[in-house]
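Chain by chain, the residues:
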Amino acid sequence: DHDLASFVAIGSATVSEDGSSITSDLGAGVIKAGWHCGGNPNTTGSAGTCPTCKKCQGASCVADNAQTPPQASPTDCKEQICSGGAVSTRAKDSETPTNECRKCSGGTAVADAAKNGVKITAGCCFDGEPQPVNPIADLAKCPARTEHPGWVPGSNGCGGSGISSAVPDNPMFALHITDPVYLLVHGTTSGDFTQACNGHDTCYDKCLKPAGRAKSSCDTNFGSDMDAVCLRDYSGLLDGPYLLQCLGLSAGYEGVVSSIESFYESAQKNACDCCGS
C-alpha cells in the first residue's frame with residue numbers, strides 16, 4: 001500500500017494441496033496493485049492495526065478519543081472512555097447497581113435512603129441492604145412493616161408455647177387446690193387468667209406498627225385484665241386476703257412478660273411483613 005508505505009493484509013487465500021500455488025478466495029484478491037524495488041518483501045509481517053483509543057494516520061497510530069472502548073460492567077457505577085489515546089475510567093452515576101437498594105454516587109454504589117421501606121425483587125430495602133419480607137429477620141430493620149396478608153392471630157393461654165407448664169392459667173386455684181375453705185367458696189373457676197392471657201397472646205400476635213400499639217401497651221392491658229378478674233371474683237367481705245393474693249399474682253405475671261422481649265419479637269416477625277407492596 002503506497003499510501004501507508006507498508007505491506008498490508010487485503011483478504012484470504014487458499015494454498016493448493018501440493019503447496020505450489022496460493023489462490024485468492026472468492027470475493028478477495030488484490031484490489032490495489034503496487035510495485036517495489038530492492039527485492040521481494042520479507043516473508044513475515046502484519047496488517048496495519050492500532051490499539052484501542054488510537055487510529056491509523058499515515059504510517060503511525062495517533063490518539064482517537066472519539067472511540068468508545070469496551071466496558072468493564074454496566075452496573076459498577078463506572079465507564080471506560082478514551083483519553084489521550086488510552087483507556088481511562090470515570091464515574092458514571094446514571095448506571096444502576098445490581099443491589100436494588102443502592103444507587104451510584106461518585107462512581108461507587110451507596111445506600112439509597114429514598115428506597116428505605118420500599119419492596120424490591122429481593123425483599124425490602126433498609127440502609128442499602130435487602131431484608132426478608134416474611135418472616136422478618138430483624139424488626140429494627142423493618143420500621144415500615146405492615147400486616148402479613150391472611151395472618152390470623154393465635155393464643156394458647158398462660159402457659160403458652162415455649163413457656164414453662166408451671167405457669168398455670170388459674171394460679172389461685174393452683175395455690176389453693178388443697179384448701180377446702182377456698183374451694184367451698186370459690187370452686188375451681190375464680191381467679192382464672194385464661195382469657196386475659198389469650199388476649200395478651202392475640203395482642204402480641206397482631207402486627208404492631210411503630211405508629212400504633214407497642215409491646216408495653218399489650219403488657220399494661222394484660223395487667224388490667226387480670227386485675228379485673230381479681231376484683232370481680234374476690235369482692236366478698238371475707239375475700240380481702242384472696243384479693244391481695246390475686247392482685248400480687250397479676251403483678252407477677254405482668255412483670256414477667258414485660259421483662260421478656262423474645263416472645264413479642266417472635267410473634268411480630270411472623271405477623272408482619274417488613275414492608276408493604
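Please refer to the structure placed before this passage.
Keep in mind that what you see is a predicted model, and the values were worked out from it rather than measured.

What counts and what doesn't
In this convention, every chain numbers its residues from 1, walking through the sequence in written order. Given that the model is predicted, a residue must reach a pLDDT of at least 70 before its local features are reported, and side-chain atom pairs must reach 80 or more before they are shown or counted; all residues, however, enter totals for whole chains, interfaces and linings. Just so you know, side-chain values use all the structure's heavy atoms and leave hydrogens and water out. Segments assigned H or I by DSSP are reported as helices when at least four residues long, segments assigned E as strands when at least two residues long, and all are numbered from the N terminus. Exposure classes here rest on a 1.4 Å probe applied to the protein chains alone. A residue is buried below 20% of its type maximum, exposed above 50%, and partly exposed in between. We call two residues in contact whenever any of their non-hydrogen atoms come within 4.5 Å of each other. Here the Shrake-Rupley method, with its probe set to 1.4 Å, supplies the accessible areas, and only the displayed protein chains count as covering residues. What makes a salt bridge here is a side-chain nitrogen of Lys or Arg within 4 Å of a carboxyl oxygen of Asp or Glu, nothing more. Note on aromatic pairs: the rings of Phe, Tyr and Trp (six-membered ring only in Trp) are paired at centre separations within 6.5 Å, and the planes decide the class, stacked below 30 degrees, edge-to-face beyond 60, tilted for the rest. Here, the arc refers to the directions that run from the helix axis to the C-beta atoms. Whenever a pair of cysteine sulfur atoms sits within 2.5 Å, that pair is classed as a disulfide.

Undergrad: Run through the overall build of the protein chain, naming residues and quoting values.
TA: Looking only at helices and strands, the protein chain features 6 helices and 13 strands. For the protein chain, with 277 residues in total, the buried portion stands at 27%. Summarising the internal contacts of the protein chain: among those between residues at least 6 apart in sequence, 50% fall at separations of at least 24. Carbon together with sulfur atoms contributes 56% to the accessible area of the protein chain, which is approximately 16700 Å² in total.

Undergrad: An account of the pattern of salt bridges is needed here, citing residue identities and associated values.
TA: Under the definition given, this model contains 4 salt bridges. A salt bridge links Lys215 to Asp219, with the nearest nitrogen and oxygen atoms 2.8 Å apart. Taken together, the residues Lys215 and Asp219, both in helix 4 (residues 215–233) and 4 residues apart, mark about one turn of the helix. With respect to burial, Lys215 and Asp219 carry one shared label: buried. A salt bridge links Asp233 to Arg232; its shortest N-O distance comes to 2.7 Å. For Asp233, a relative accessible area of 15% translates into the label buried. Exposure remark for Arg232: the relative accessible area of 55% places this residue in the exposed category.

Undergrad: So, the packing of aromatic side chains: which residues are in play, and what are the values?
TA: Counted according to the given criterion, the structure contains 5 aromatic pairs. Here the aromatic rings of Tyr182 and Tyr242 are separated by 5.1 Å at their centres, their planes lie at 85 degrees, and the arrangement is edge-to-face. Separated by 60 residues along the polypeptide, Tyr182 in helix 2 (residues 180–186) and Tyr242 in helix 5 (residues 240–259) bring together distant segments of the chain. Centre to centre, the rings of Phe193 and Tyr253 are 5.6 Å apart; their planes meet at 75 degrees, and the pair counts as edge-to-face. Of this pair, Phe193 sits in the loop between helix 2 and helix 3 (194–204) while Tyr253 sits in helix 5, and the two are 60 residues apart along the sequence. Here Phe193 and Tyr253 have matching classes, each one buried.

Undergrad: Could you give me a rundown of unusual backbone geometry, with the residues and numbers involved?
TA: Cis geometry is found at the peptide bond from Asn134 to Pro135, where omega equals -5 degrees. Position of Pro135 relative to the elements: it lies in the loop between strand 11 (129–131) and strand 12 (146–147). A positive phi angle, near 70 degrees, is found at Cys77, a position not held by glycine. Looking at the secondary structure, you find Cys77 in the loop between strand 4 (60–63) and strand 5 (78–83). Judged by relative accessible area, Cys77 falls into the buried class, the value being 1%.

Undergrad: Hey, could you go over the environment of Glu261 for me, with residue numbers and the actual values?
TA: Checked against the element boundaries, Glu261 lands in the loop between helix 5 and helix 6 (262–271). Taking the C-alpha atoms as reference, Glu261 lies 8.7 Å from Lys215; in sequence the two are 46 residues apart.

Undergrad: Can you lay out helix 6 for me, pointing to particular residues and giving the numbers?
TA: Restricting attention to buried positions, one finds in helix 6 the residues Tyr264, Ala267, Gln268 and Ala271. Along helix 6, the residues classed as buried sweep out an arc of 100 degrees about the axis, all on the same side. At its buried positions, helix 6 is contacted by strand 12, helix 3, helix 4 and strand 13 (272–273).

Undergrad: Give me the lowdown on the state of the cysteines, citing residues and values where you can.
TA: Linking two cysteines covalently through their sulfur atoms gives a disulfide. Applying the stated criterion to the full structure yields 10 disulfides. Covalently, Cys53 is tied to Cys82 through a disulfide, its sulfur atoms 2.0 Å apart. Because the torsion about its S-S bond is -80 degrees, the bridge between Cys53 and Cys82 counts as left-handed. On the criterion of sequence distance, the pair formed by Cys53 in the loop between strand 2 (22–24) and strand 3 (54–57) and Cys82 in strand 5 is long-range, its members being 29 residues apart. The class of Cys53 is buried, set by a relative accessible area of 0%. Across the disulfide, Cys203 is cross-linked to Cys218 (sulfur-sulfur distance 1.9 Å). Between Cys203 and Cys218 the disulfide shows an S-S torsion of about -75 degrees. By sign, it is left-handed. Of this pair, Cys203 sits in helix 3 while Cys218 is found in helix 4, placing the two residues 15 residues apart along the sequence. Exposure remark for Cys203: the relative accessible area of 11% places this residue in the buried category. A relative accessible area of 2% places Cys218 in the buried class. We note that Cys56 lacks a disulfide partner, and the nearest cysteine sulfur, in Cys50, lies 3.3 Å from it.

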